[in-house]
Amino acid sequence: MEEAYSGIMVYAEAAGSGLKCSARELMGHAGILAAKIQELENKQVPVSAVILGPQNLEPAKTLTGFAGRVYWCDRKELTVYHPGLYAGAITGLVEKYRPEIVMFAAGPAGSELAATCAARLKTGLAAHAVELEINRDGHLVQLVVSYGENIMGEILCPAHRPQMVTVQSGILEPPVSGTAAGELIREEIDLRDDGRLTITAIEGKGNEACRLEEAEVVLAGGYGLKNKKNWLQLEELADLLGAATGCTRPVLDEHWVDDEDLMIGISGKTIHPRVYLGIGISGSSHHTAGIQKAGWIIAVNNDVQARLLQMADLRIVGDGPAIVAEMIKIIKGGNTST
Amino acid sequence: MNIYVVVKPVPDPKTKLTYDPEQKTVIRAGLATVINPPDKNALETGLRLREQSGGRVTVFSLAPPSAGESLKETLAMGADEVYLVSDPVFAGSDTLITALILARAISAIGVPDLVLAGDRTTDSGTSHVPAQLGEWLGLPHLANACEIVLRDQKNLAVKTSLDEVFISYRVTLPAVVSVTRRINRPRLATLLEMVRSRSKPVTLLDAAALNLSPEQTGLNASPTKPGRLLPARPVVKEGTIMSGTVGEMAQEILNRLQSLGYGPKAGGGLG
Ligand SMILES: Cc1cc2nc3c(=O)[nH]c(=O)nc-3n(C[C@H](O)[C@H](O)[C@H](O)COP(=O)(O)OP(=O)(O)OC[C@H]3O[C@@H](n4cnc5c(N)ncnc54)[C@H](O)[C@@H]3O)c2cc1C
Ligand SMILES: Nc1ncnc2c1ncn2[C@@H]1O[C@H](COP(=O)(O)O)[C@@H](O)[C@H]1O
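The notes below deal with the structure included here. (Residues numbered from 1 in each chain as written. Chains lettered and ligands numbered in written order. Predicted model: local features only at pLDDT ≥ 70, side-chain atom pairs only at ≥ 80, totals over all residues. Heavy atoms only, no water.)

Here's the deal with the site of ligand 1
Around ligand 1 sit 30 residues in total, of which Lys226, Thr248, Ser267, Ser282 and Asp319 of chain A are the nearest. Looking at what sits near ligand 1, you find residues from chains A and B. Residue Arg249 of chain A places a main-chain N or O atom 3.2 Å away from an oxygen atom belonging to ligand 1. Measuring from a nitrogen atom of ligand 1, one finds a backbone N or O atom of Ile264 of chain A at 2.8 Å. Coverage of ligand 1 by the protein chains reaches 85% of its 990 Å² of free accessible surface. Listing elements by their share of the shell around ligand 1, those giving two or more residues are helix 7 (249–253), helix 8 (285–288) and helix 10 (320–333) of chain A. Each residue belonging to the shell around ligand 1 can be placed in one class, and the counts come to 8 nonpolar, 17 polar and 5 charged. (Near = heavy atom within 4 Å. Polar contact = N/O pair within 3.5 Å; in protein donor to acceptor, adjacent residues only side chain to side chain. Areas by Shrake-Rupley, 256 points an atom, 1.4 Å probe, with all protein chains shown as cover. Helix = DSSP H or I, 4+ residues; strand = E, 2+ residues; numbered from the N terminus. Nonpolar A, V, L, I, M, F, W, Y, C, P; charged D, E, K, R; others polar.)

As structure tokens, then:
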């Protein structure tokens with residue numbers, strides 16, 4: 001069975017006239033895995049990319065730098081994300097080209113698509129992998145952050161093909177440009193639309209939604225802030241510093257804030273600020289998976305043992321809420337001329 | 001409108017966990033559980049649609065029998081009926097098989113107009129189950145809904161939240177939709193409702209009731225298999241440790257920000 005499947009296929013998401021960062025990162029992962037399988041099994045392991053939607057050639061062309069083959073489908077019906085049609089297109093290409101591994105970026109659309117394709121193909125899918133390996137049998141080993149106290153779990157898909165995975169972004173530095181001279185193949189996919197799902201509107205979230213991902217300074221608060229009043233103080237401080245605010249899951253659970261786009265981590269945003277300042281955050285792997293690319297890490301925690309302190313360049317052992325209030329006081333005191 | 005809500009009891013965040021070295025999963029039996037938070041938003045969505053158009057709201061949950069108690073909260077919130085889908089042979093099912101079992105349970109009771117789910121669980125957190133449930137049922141499905149409006153008896157308007165955009169769809173019922181926490185604020189059950197719900201029944205559906213053989217479910221039937229569990233080690237940095245008075249610590253952070261080029265400026269902006 002396994003013989004019939006070979007190569008790695010990446011679903012690459014486009015963004016305007018380019019590619020999403022996560023798409024380039026996936027291509028990087030695919031290249032590394034392909035090299036490993038190649039070495040182990042002494043066979044050619046082609047890397048291919050699938051791109052759906054864009055009418056312009058640019059994103060597909062960029063992909064040819066990273067992949068042996070780029071399957072590009074510019075059908076009008078795929079211009080905007082339509083879960084059923086997108087899954088149909090990808091499933092069709094998987095059945096046609098039979099890759100042994102299929103990779104998606106672990107965003108909201110990627111997760112839904114991957115789950116739908118895996119169900120149609122009746123194969124296994126691991127979610128939010130933070131590390132990918134090839135074991136001695138040539139199988140993909142997907143490392144995911146498990147439930148509980150900073151435990152990683154391996155997930156394998158030994159007897160079904162393709163092996164499917166959604167990959168957490170922000171783990172690999174995305175390759176800027178590739179040197180492959182891939183073939184661009186325009187795919188005429190048979191899209192069967194039963195008409196039960198139609199797109200009625202698209203609305204940008206505006207700059208607010210991307211603020212966290214693009215911010216140079218992120219001020220993140222956790223459960224150690226203790227209450228909503230202290231959270232609001234943190235927001236005030238972020239304003240004064242011109243920083244974006246981010247949070248951990250308990251902050252949402254406690255309803256100190258309701259905007260899910262503020263959560264950093266495996267189930268939230270991956271950020272890459274120059275400075276990340278985390279206050280009252282323990283540093284669970286679910287959260288820290290989202291800050292791998294942060295430059296400077298400053299952590300404030302009253303527990304010397306806190307994991308986030310271990311990861312920090314500057315470790316402040318003290319009371320978070322009091323320090324936040326004090327910083328506000330200092331800034332305001334020193335800035336009376338505003 | 002006939003509405004089903006799929007709900008998962010998840011470990012109470014306040015309790016310690018133990019692992020099963022054989023199955024390599026969290027031992028769920030006997031663990032204190034709460035309803036997965038976004039599933040309450042799904043239930044709230046269902047309850048509001050019922051208020052608007054009449055009908056019934058039925059809860060389905062695939063969980064160990066011990067979770068029955070925490071499911072009563074859904075009755076207290078206003079659900080009409082609860083099915084606990086439970087059998088020892090279901091243990092170790094991955095998302096594909098979990099979705100299969102839920103689909104069987106739903107088909108056994110009768111496919112409704114709408115199946116609602118949360119967007120992800122706090123324990124496994126894959127977001128796979130709703131889409132895969134939709135696939136097994138052969139129904140159209142949408143994820144990450146932040147707004148749901150009933151257009152007419154056959155159509156739902158659904159606004160979904162992706163990374164950078166909201167996309168709205170019209171979907172023909174029956175359908176499966178998962179909701180984010182943004183969609184509403186779930187009601188709190190009153191103490192009286194909690195007490196009353198204790199005497200209400202939770203109906204059990206086991207493998208036999210669903211015509212599922214042991215080979216079709218559980219770890220063996222699941223395409224994905226857990227491997228080793230490994231400790232996650234943080235990238236330990238050679239950081240400077242600092243403690244002192246609150247004033248000193250606050251100043252130290254501001255100094256550090258300043259030295260990195262991010263001092264507070266008049267008007268609050270950064271350079
Ligand atoms: C599948 C899954 C996905 C998840 N995804 C995410 C995700 O994307 N993002 C996320 O954030 N979480 C996620 N979680 C939850 C995650 O596991 C942790 O529970 C969460 O990150 C902990 O948040 P916290 O650090 O704010 O809270 P806690 O772990 O409770 O830590 C609070 C910290 O505050 C400190 N503290 C207490 N009082 C003070 C004080 N006065 N001053 C200073 N410090 C103080 C404490 O010492 C402690 O270190 C996920 C969990 C699962 C199972
Ligand atoms: N065992 C289960 N029983 C009932 N519903 C479930 C179960 N597992 C997942 N779900 C539903 O699917 C959603 C997403 O779950 P997950 O794929 O685990 O992130 C949850 O919010 C629930 O609504």
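So, the side chain of Glu213 of chain A
When you line up the elements, Glu213 of chain A lands in helix 5 (residues 207–214). Excluding anything up to four places from it in sequence, Glu213 of chain A contacts Lys269, Thr270, Ile271 and His272 of chain A. (Contact = heavy atoms within 4.5 Å.)

So, the sheet that holds strand 11 (residues 165–172) of chain B
Two modes of strand pairing occur in sheets, parallel and antiparallel, and in both the strands are linked by backbone hydrogen bonds. Strand order in the open sheet made by the 10 strands is 12(A)-11(B)-10(B)-9(B)-12(B)-8(B)-1(B)-6(B)-7(B)-13(B), with mixed pairing throughout. Unpaired on one side and paired on the other, strand 12 (197–204) of chain A together with strand 13 (203–205) of chain B mark the two borders of the sheet. Averaged over all adjacent pairs, the angle separating strand axes in this sheet is 30 degrees, with direction ignored. Judged from the 3 bridges that link them, strand 1 (residues 2–6) of chain B and strand 8 (residues 114–118) of chain B form a sheet pairing that is parallel. By the bridge assignment for strand 8 of chain B, Ile3 of chain B is matched with Leu114 of chain B. Lying over the sheet, helix 1 (residues 37–53) of chain B contacts strand 1, strand 6 (56–62), strand 8, strand 9 (141–152) and strand 12 (175–179) of chain B, oriented at roughly 150 degrees with respect to strand 8 of chain B. (Pairing = 2+ DSSP bridges. Axes fitted to C-alpha atoms, helices over the stretch in contact; angles between N-to-C directions.)

Let's talk about the interface of chain A and chain B
Across the contact, 94 residues belong to chain A and 83 residues belong to chain B. Linking chain A to chain B there are 9 salt bridges. In this structure, the salt-bridge partner of Asp313 of chain A is Lys237 of chain B, at a minimum N-O distance of 3.1 Å. Here chain A is connected to chain B by 36 residue pairs in polar contact (both at pLDDT 80 or more). Broken down by element, the residue count for the side of chain A that touches chain B peaks at 9 residues, all from helix 4 (residues 108–121) of chain A. For the side of chain A that touches chain B, the per-class residue count stands at 46 nonpolar, 25 polar and 23 charged. (Salt bridge = Lys/Arg side-chain N within 4 Å of Asp/Glu carboxyl O.)

Quick look at the packing of helix 4 of chain A against helix 4 (residues 129–137) of chain B
Axis separation between helix 4 of chain A and helix 4 of chain B bottoms out at 8 Å; the angle between their running directions is 35 degrees. Considering the relative orientation of helix 4 of chain A and helix 4 of chain B, their crossing is right-handed. Between helix 4 of chain A, through Glu112, Ala115, Thr116, Ala118, Ala119 and Arg120 of chain A, and helix 4 of chain B, the contact on the second element is made entirely by Ala131, Gln132 and Glu135 of chain B. A breakdown of the residues in the contact of helix 4 of chain A with helix 4 of chain B according to their chemical character gives 4 nonpolar, 2 polar and 3 charged. (Left-handed = near helix turned anticlockwise from the far one by under 90°.)

A short note on the packing of helix 2 (residues 68–77) of chain B against helix 5 (residues 191–198) of chain B
Residues and elements named next belong to chain B. Put simply, helix 2 and helix 5 touch, their axes get as near as 8 Å, and they point 120 degrees apart. On the basis of the axis angle, helix 2 is oblique to helix 5. Crossing of helix 2 against helix 5: the hand is right-handed. Counting all contacts with helix 2, which are made through Lys72, Glu73, Leu75 and Ala76, the residues of helix 5 involved are Glu193, Met194, Ser197 and Arg198. Classifying every residue of the contact of helix 2 with helix 5 gives 3 nonpolar, 1 polar and 4 charged. (Parallel < 35°, antiparallel > 145°, perpendicular 65-115°, else oblique.)

A few points about the nonpolar core
One finds Leu52 and Phe104 of chain A together with Val5, Leu114, Leu116, Ile148 and Leu156 of chain B to be the most contacted residues of the largest nonpolar core, which totals 67 residues. Apart from residues no more than four positions distant in its own chain, Val5 of chain B is found in contact with Asp39, Ala42, Leu43, Val57, Thr58, Val59, Phe60 and Leu116 of chain B. One finds Leu252, Leu262 and Val275 of chain A together with Ala250 of chain B within the second-largest nonpolar core, a separate group that totals 37 residues. (Core = buried A, V, L, I, M, F, W, Y, C linked by side-chain atoms within 4.5 Å. Buried < 20%, exposed > 50% of the residue type's maximum accessible area, 1.4 Å probe, protein only.)

Considerations on the site of ligand 2
All names here are of chain B. Taken together, 21 residues sit near ligand 2, with Val6, Asp39, Thr121, Thr126 and Ser127 positioned nearest. Contact distances for ligand 2 include 2.7 Å between an oxygen atom and a backbone N or O atom of Val6. At 3.5 Å, a backbone N or O of Val7 approaches a nitrogen atom of ligand 2. Coverage of ligand 2 by the protein chains reaches 98% of its 480 Å² of free accessible surface. Elements that contribute at least two residues to the shell around ligand 2 include exactly strand 6, helix 3 (95–109), strand 8 and helix 4. Per element, the largest residue contribution to the shell around ligand 2 is 3 residues, and it comes from strand 6.

A word on the packing of aromatic side chains
The way to describe two aromatic rings as a pair is by their centre distance and the angle between their planes. Residues and elements named next belong to chain A. Per the counting criterion, the structure on display carries 6 aromatic pairs over all chains. With a centroid separation of 5.3 Å and an interplanar angle of 85 degrees, the aromatic rings of Tyr81 and Tyr86 are classed as edge-to-face. Tyr86 carries the same exposure label as Tyr81, and that label is buried. Considering the side-chain rings of Tyr223 and Trp256, the 6.1 Å spacing of their centres and the 10 degrees angle between planes classify their relative orientation as stacked. Residue Tyr223 is located in the loop between strand 13 (217–221) and helix 6 (228–241), and its partner Trp256 is located in the loop between helix 7 and strand 15 (275–279); the two are separated by 33 residues in the primary sequence. (Phe/Tyr/Trp six-rings, centres within 6.5 Å; stacked < 30°, edge-to-face > 60°.)

As for the sheet that holds strand 5 (residues 69–73) of chain A
Here we have 10 strands laid out as an open sheet, ordered 11(A)-5(A)-4(A)-1(A)-6(A)-10(A)-7(A)-8(A)-9(A)-14(B), and mixed in their pairing. Strand pairing shows two members of the sheet lacking a second neighbour, strand 11 (183–186) of chain A together with strand 14 (225–231) of chain B, which therefore form its edges. Strand after strand, the sheet turns through a mean of 35 degrees between neighbouring axes, direction not considered. One ladder, built from 3 bridges, connects strand 7 (residues 125–134) of chain A with strand 10 (residues 163–167) of chain A; its direction is parallel. Each bridged residue has a counterpart across the sheet, and for Ala129 of chain A the counterpart in strand 10 of chain A is Val167 of chain A. In the packing of helix 1 (residues 21–41) of chain A onto the sheet, contacts are made with strand 1 (8–11), strand 4 (47–52), strand 6 (101–105), strand 7, strand 8 (140–145) and strand 10 of chain A, and the angle to strand 7 of chain A comes to roughly 45 degrees. The strands touched by helix 3 (residues 83–97) of chain A are strand 1, strand 4, strand 5 and strand 6 of chain A; relative to strand 1 of chain A, the strand with the most contacts, the crossing angle is about 165 degrees.

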